[in-house]
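Given next are the chains, with one letter for each unit.
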Amino acid sequence: MEKTVDIEFTLNGKSQVLQADESMPLLWALRDRLQLTGTKFGCGMAQCGACTVHLDGTAIRSCVTPVAVVQGRSVTTIEGLESGVAQAVQQSWDELAVVQCGYCQSGQIMSAVALLEINPNPSDEQIDQSMSGNICRCSTYVRIRAAIKDAAGKLAKG
Amino acid sequence: MSAFGKVNRRQFLRNLSYGGAGLMLGTSVAGCSTLRNSGAGPAGEFEPNAFVRVTPDDRVIVISKHVEMGQGAYTGLATLVAEELDADWSRVAVEGAPADTARYGNLAWGGVRQGTGGSTAMRNAYQQMREAGATARAMLVAAAAQLWQVPASEVTVTAGVVSHHASNRSARFGELAELAATQPLPGKVKLKQPQQFTLIGQSLPRKDSGKTTGQAQFTQDIQLPDMLTAVIAVSPKAGGVVHSFDASATRQVEGVVEVLQVPAGVAVLARDYWSAQQGRKALKIEWDNSGAFTGSSASLLQSYHAELEKPGVVAAKAGDAEAGLSAAGAVIDAHYEFPYLAHAAMEPLNCVMQKRGDGVEAWYGCQWQSGDQETVARVFGIDKQQVKINMLLAGGSFGRRANPVSDYVEQTAQIVKAYEPAVPIKLVWSREDDMRGWYYRPMYVHRLTATLGADGYPLAWRHHIVGQSIAAVASFIDTPNGVDRTTVEGANNLPYGIPNLAVYQHTTPPVIPIQWWRSVGSTHTAYSTETFLDELAQAAGADPVEYRRHLLQESPRHLAVLNLAAEKAGWGSALPAGVFRGVAVHESFHSVVAQVAEIEDAGNGKYRLRKVVCAVDCGVAINPDIIRAQMEGGIGFGLSPALMSEITLRDGEVEQSNFHDYQVLRINQMPEVEVHIVPSAEPPTGVGEPATPVIAPALANALFAATGKMPRKLPFKGLVV
Ligand code: FES
Ligand code: FES
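Everything quoted here is computed from the prediction, not taken from an experiment.

Moving on: the sheet that holds strand β15 (residues 350-356) of chain B. All names here are of chain B. One open sheet accounts for seven strands, arranged β10-β11-β8-β18-β15-β16-β17; its pairing is mixed. Unpaired on one side and paired on the other, β10 (256-262) and β17 (387-391) mark the two borders of the sheet. Here the strands of the sheet are splayed against their neighbours by 25 degrees on average, with no regard to which way each runs. Where β15 meets strand β18 (residues 425-428), four bridges bridge the pair, whose relative direction is antiparallel.

What follows is the structure, given as structure tokens:
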């Protein structure tokens, strides 16, 4: 049943080789094998978004993505964010004091960055739609919405 | 990087101290067991007391006795110290205090228990933290006076700089630290008057940083050398125990290191979480459920309703409610049902623990130091002083981490004790473990009965509350005359002037493990009392705000908060077609919150909650932006049980398991929120909980205005999009 494979992929801009059971979710490979703990475990079944990372620029739930899937592809985690969009999002998040406990926020930020990368000026409905897979039990939603708009404004100004 | 679990100690320590979540490894916090001056701390630091340290490089380290779980405790406590110390906010950092009740007891609990809860952080520490800061300031001033040979009365302090203007001399805190440590501890220090505050009242940036970059360290993130991850299989029924088990398949799973039976269940220890989980799935366990509860929510509900016919414990009494109810005309009568609720914090429960010499050390988002220490000490048969607890950031809690019997901590202790090698072990609950891990907000049934006088105001009011008693689990809660305030609070202290009133408490058998849940008794009493009041107002043909105003004449704080919310919401102004408002006001944890919910018709008999206007009186506003955040968050948290969340039982087993069937509020259902804070110079009261119980009744009252039907069973699914 278990099959250990060598997986080569790009992780936060650097090439990475990992030996792992091919069915191990990317989340646990990142957290327990590569010590990248910024990506969080919240539900393990694609319900909460805490584990969101980017796979070739698209937001995915790493808790249900077998690590073998990333073979030859590029993974970005919260630790590796560096684009202009990402910086704007993190800055707006800090300025608007979005965070409470913070446990969901890596995932929120990864989803928000992915949204703004494809839609630089999202409406409220579009924000709600693309962020509704990310639960925040502290209910920081009001500020998440505001921070995404704030970041969009920053990016529009250049 | 790819070697399992190998992070060197320095790296580990650096990670942990990032963002103010530092540990106390290797150094004592205050270097003394009392609040007396200890002289110099480590490496020329100045440690005047257990709560503050000044380093030679001008940093001010505030020691937080309260856990930071998102509510802003670190920032609030640091603000209090920094205010009286006249510190430079940008140089202030926060560290979590160790478990030590003598120094860090919660003064709201008489100082005899250390922990965080009941929205007490600012309230209990307001004086204590300011005195800690003022003491440090006085000693820095004395040091400057000695150094410069000038009168202390001429020395001033501003933003971390000590000055003597007449001689044009100044020094930074760090430069004076060593000398300050030699100064005598001042007697009584003089604290600022509220109008002198420069930091309190400002929305200072938070000190629990590192949360937007993935750097903040939660329990889940702890990596220690040789650490193993444990998961535990427990009976799906409360009270069930292991009868027998077969771990042969588990032991074949790559990465599994050990399988152990402990009193709580069967633990699987592995190199990593995934292996541990795979190992647990392969376990074959037969449970002995002979002592377990095997009933269902439906059967419990039935028995709760039957309780209503029996006499209860009198929790409040004024006039003669029975006479009032039989004397007057129309009787208004309503039954309410509230399900069990899971806390479901984003970080599933977890705890890291290791045997250390003849003691034990633990790392986790500890919310209940005294109880956890006692529990671990009992498991190991050691003294509680030998249990060292390092308090980390918690990824939410909503009450759950302050478990009255330290359940998850005890499980960890049992596993660490049972596993011979003294390596650190991280117990990780899956989301399913967390959802099914008991200690829920209890299920309740209420009945409210009232009659109105000729003037339309309540003449008599009778309230029955049926449910399990939290005090029965948490034995340190006093129950004067058998009254458990966690059951009846909010109902037995109604702010309304009602001449004949009786509140009865009916305690049901303790079949399901329960505990407090953000805002405790108010989670249900605010709902029944505030929606019932709207039903009475309607029966009287009165406006809900006007009706409350009349009844609140003896409750000026409630009245002021209600008026502020009503005014800001434009209560009474004409509404567009299809838009409706509802209001509720409620006091919990010494703070009063009023909310006006505004809904709009979304078609097909459904409504959208579009806006909430919230007013709060929480005494002096230490950090207005954090207060706003807690109101916003409390409203969102309170919407989940209103709209979708419930834990139900069948054959003694919890039917829900994860966020697909225990649904919680998502961003698309979050309303716009506007917060107004009543200006106040009174000592601060809680903000973590008081917004939570108000939103469900405010929303229900808006639905009542729209439909003429009051939801009396929570959650009211399908009404709000
Ligand atoms: S942990 Fe992956 S979506 Fe929740
Ligand atoms: S900030 Fe706590 S769960 Fe989102």
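Moving on from the coordinates now.
Turning our attention to the domain arrangement of chain B. As a measure of interface size, the accessible area lost when the parts come together is often cited. All names here are of chain B. As far as domains go, chain B holds domain 1 (17-196), domain 2 (219-290 + 344-435) and domain 3 (308-340 + 440-707). In this structure, domain 1 and domain 2 have C-alpha centres spaced 36 Å apart. The interface of domain 1 with domain 2 comprises 24 residues on the first partner and 21 residues on the second. Here domain 1 meets domain 2 over a buried area of about 1,700 Å², counting both sides, of which 55% is carbon and sulfur. Looking at the side of domain 1 facing domain 2, the largest losses of area belong to M69, A99 and R113, adding up to 30% of the total buried there. Taken together, the connections running from domain 1 to domain 2 amount to one salt bridge. Here domain 1 and domain 2 share six residue pairs in polar contact (both at pLDDT 80 or more) between them. Taken together, the residues that form the side of domain 1 that touches domain 2 break down as twelve nonpolar, nine polar and three charged.

What follows covers the nonpolar core. If you look at the biggest cluster of nonpolar residues, it comprises 253 residues, and the most contacted ones within it are W93 of chain A together with Y340 of chain B. The leading source of residues in this core is helix α4 (residues 121-148) of chain B, at 14 residues. When residues no more than four places from it in sequence are discounted, the contact partners of W93 of chain A are V98, V99, Q105, Q108, I109, A112, I144, A147 and I148 of chain A together with T212 of chain B. Membership of the second largest hydrophobic core comes to 31 residues, among which are L349, C351, A377 and V409 of chain B.

Attention shifts here to unusual backbone geometry. Both trends apply: most residues other than glycine have a negative phi, and most peptide bonds are in trans. Residues and elements named next belong to chain B. A cis amide bond links L714 with the next residue in sequence, P715, at an omega value of -5 degrees. If you trace the backbone, P715 turns up in the segment after α18 (692-707). Look at Y439: it is not a glycine, yet its phi comes out positive at around 55 degrees.

Moving on, we get to the layout of surface pockets. Residue and element names in this part refer to chain B. Taken as a whole, the second largest pocket spans an internal volume of roughly 940 Å³. Residue lining of the second largest pocket: 32 residues in total, with A233, V234, S235, P236 and W438 positioned closest to the centre. Breaking the lining of the second largest pocket down by element, the ones donating at least two residues are β8 (228-233), α7 (273-281), α11 (407-418), α12 (431-435) and β26 (653-654). Of the residues forming the lining of the second largest pocket, the biggest block, four residues, is contributed by α11.

Residue and element names in this part refer to chain B. The full count for this structure, using the stated rule, is five cavities of 30 Å³ or more. Roughly 100 Å³ of volume is contained in the largest cavity. Around the largest cavity, the lining residues are P339, L341, R441, W517, T523, G638, P641, T692, P693, A696, P697 and L714. Looking at the lining of the largest cavity, the elements that each hand over two or more residues are α17 (624-643) and α18. Counting residues per element, the lining of the largest cavity draws most heavily on α18, at four residues. A per-class count over the lining of the largest cavity returns eight nonpolar, three polar and one charged. Counted as a void, the second largest cavity has a volume near 80 Å³. Lining the second largest cavity, in full, are G490, N493, L494, P495, Y496, T529, E530, H558, V585, H586 and E587. A total of three residues in the lining of the second largest cavity trace back to one element, the largest contributor, which is strand β22 (residues 579-588). Residues that form the lining of the second largest cavity fall into these classes: four nonpolar, five polar and two charged.

With that out of the way, let us pick up the domain arrangement of chain A. All names here are of chain A. As assigned here, chain A comprises domain 1 (4-80) and domain 2 (84-157). Taken together, the contact pairs 16 residues of domain 1 with twelve residues of domain 2. Between domain 1 and domain 2, a total of about 1,100 Å² is buried, with carbon and sulfur atoms accounting for 58% of that surface. Along the contact surface separating domain 1 from domain 2 lie zero salt bridges. Counting across the interface, domain 1 meets domain 2 through six residue pairs in polar contact (both at pLDDT 80 or more). The element that contributes the greatest number of residues to the side of domain 1 that touches domain 2 is strand β3 (residues 52-55), accounting for three residues.

Residue and element names in this part refer to chain A. One open sheet holds the five strands; their spatial order is β2-β1-β5-β3-β4, and the pairing between them is mixed. The open sheet has two edge strands with one neighbour each: β2 (14-21) and β4 (58-61). Strand-to-strand twist of the sheet, defined as the mean angle between neighbouring strand axes without regard to direction, takes the value 45 degrees. In this structure, β3 lies alongside strand β5 (residues 74-76), joined through two bridges in antiparallel fashion. Its bridge partner lying in β5, L55 is registered against V75. With respect to the sheet, helix α1 (residues 26-33) is in contact with β1 (4-11), β2, β3, β4 and β5, its orientation differing from that of β2 by roughly 105 degrees. Here helix α3 (residues 105-118) sits on the sheet in contact with β3, β4 and β5, set at roughly 35 degrees to β3.

This part takes up the interface of chain B and chain A. Taken residue by residue, the interface counts 62 residues in chain B and 51 residues in chain A. Taking both partners together, chain B and chain A bury about 4,800 Å²; carbon and sulfur atoms supply 56% of that area. The largest per-residue losses of area from chain B upon contact with chain A belong to T212, M346 and I667 of chain B, which jointly make up 18% of the total buried on that side. A salt bridge links D625 of chain B to R143 of chain A; the shortest N-O distance between them is 3.0 Å. Summed over the shared surface of chain B and chain A, the number is 23 residue pairs in polar contact (both at pLDDT 80 or more). The leading source of residues in the side of chain B that touches chain A is α17 of chain B, at nine residues. The residue makeup of the side of chain B that touches chain A, split by class, is 28 nonpolar, 21 polar and 13 charged.

Once that is clear, we can look at helix α14 (residues 522-539) of chain B. For α14 of chain B, with 18 residues, the first-to-last C-alpha span of 25 Å sits near the 26 Å given by 1.5 Å per residue. For α14 of chain B, a buried count of 16 out of 18 residues is recorded, marking the element as mostly surrounded by other parts of the structure.

Conventions we followed
Residues numbered from 1 in each chain as written. Chains lettered and ligands numbered in written order. Predicted model: local features only at pLDDT ≥ 70, side-chain atom pairs only at ≥ 80, totals over all residues. Heavy atoms only, no water. Pairing = 2+ DSSP bridges. Helix = DSSP H or I, 4+ residues; strand = E, 2+ residues; numbered from the N terminus. Axes fitted to C-alpha atoms, helices over the stretch in contact; angles between N-to-C directions. Domains from an automatic or database assignment. Contact = heavy atoms within 4.5 Å. Buried area = accessible area lost by both parts, 1.4 Å probe. Salt bridge = Lys/Arg side-chain N within 4 Å of Asp/Glu carboxyl O. Polar contact = N/O pair within 3.5 Å; in protein donor to acceptor, adjacent residues only side chain to side chain. Nonpolar A, V, L, I, M, F, W, Y, C, P; charged D, E, K, R; others polar. Core = buried A, V, L, I, M, F, W, Y, C linked by side-chain atoms within 4.5 Å. Buried < 20%, exposed > 50% of the residue type's maximum accessible area, 1.4 Å probe, protein only. 1 Å grid on protein atoms, 1.4 Å probe; cavity = no way out; pocket = protein on both sides within 12 Å on 5 of 7 lines; lining within 4 Å. Points joined across faces, edges and corners; volume = space filled by probe spheres on them. Expected span 1.5 Å × (residues − 1).

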